[in-house]
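# Architecture at a glance
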Amino acid sequence: MEMTEWNKMLGGEYYDAFDPYILKARKLAKDHIAELQRSYDDEKTRIDATKKLLGTAHDDTYIERNVYFDYGINTHVGKRFYANANVVILDCARVDIGDNVMFGPAVQIYTASHPLDPETRNSGAEFAKPVRIGNSVWIGGGAIILPGVTLGDNVIVGAGSVVTKDVPDNAIVGGNPAKIIKYVK
């Protein structure tokens, strides 16, 4: 298999974010987002636009207005996913979201990152790490989930939190950086 910039991106290696194929994929996502934004007056059209945008979506997937995805196709959501307004998902790597997950407004999921070394960073090289979100998770408004993070099942992320590391099942986290406050069970 030829190692394209797209494959490097999905594989967690350094990639060129300005590769023509990658630029075309980002443009296609913007077209799908625009189609979704125009579709809210008709349920079937909204569902079809959502399924066209995301890698995996269901008839009960609901994304409010003003959403942003780098690619959309790298994001896979389970049943009964709800995203409030102004959600941003930088899905340069795969984003897997379980069933019964709710995002508050302005939640941000980042898979994209940059090298620490200034010379490498200035070359334009980027890399990405996947994000995984379990079932029955609630992420409060304005929370940020950083690259490579996994949230277990039944996790609650407090509004405005910055999650920098994995969170175990049933934990409630908050703060910057987010820390475990208590458990729900």
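Here, every reference points to the structure presented above.
Before going into details, it helps to say that this report is about the structure given with it.

Calculation notes
- Residues numbered from 1 in each chain as written.
- Predicted model: local features only at pLDDT ≥ 70, side-chain atom pairs only at ≥ 80, totals over all residues.
- Heavy atoms only, no water.
- Buried < 20%, exposed > 50% of the residue type's maximum accessible area, 1.4 Å probe, protein only.
- Helix = DSSP H or I, 4+ residues; strand = E, 2+ residues; numbered from the N terminus.
- Arc of directions from axis to C-beta.
- Contact = heavy atoms within 4.5 Å.
- Pairing = 2+ DSSP bridges.
- 1 Å grid on protein atoms, 1.4 Å probe; cavity = no way out; pocket = protein on both sides within 12 Å on 5 of 7 lines; lining within 4 Å.
- Points joined across faces, edges and corners; volume = space filled by probe spheres on them.
- Nonpolar A, V, L, I, M, F, W, Y, C, P; charged D, E, K, R; others polar.

Of all the positions in helix α3 (residues 43–53), only R46, I47, A49, T50 and L53 are classed as buried. The buried side chains of α3 occupy one side of the element, clustering within an arc of 165° when seen end-on. Tucked inside the fold, the buried residues of α3 contact α2 (20–37), β2 (62–63) and β3 (68–69).

All right, on to the sheet that holds strand β5 (residues 82–83) then. Read across the sheet, seven strands follow the order β2-β5-β8-β13-β16-β18-β19 without closing on themselves; strand pairing throughout is mixed. Each of the sheet's edge strands pairs with one partner strand only, and the pair in question is β2 and β19 (178–183).

What follows deals with unusual backbone geometry. Between N176 and the following residue, P177, the backbone shows a cis peptide bond with an omega angle of 0°. Among the secondary structure elements, P177 is positioned in the loop between β18 (171–175) and β19. The phi angle at N100 is positive, at roughly 60°, despite the residue not being glycine. With respect to the secondary-structure elements, N100 resides in the loop between β7 (95–97) and β8 (102–103). Residue classification places N100 among the partly exposed positions, given a relative accessible area of 33%. Unlike most non-glycine residues, N170 shows phi in positive territory, near 70°. Mapped onto the secondary structure, N170 falls in the loop between β17 (162–163) and β18.

With that settled, consider the layout of surface pockets. By volume, the largest pocket amounts to about 210 Å³. Contributing to the lining of the largest pocket are W6, Y21, K24, A25, L28, A29, H32, K52, L53, Y71 and I73. Broken down by secondary-structure element, the contributors of at least two residues to the lining of the largest pocket are α2 and α3. The greatest single-element share of the lining of the largest pocket, amounting to six residues, is contributed by α2. Taken together, the residues of the lining of the largest pocket break down into eight nonpolar, one polar and two charged.

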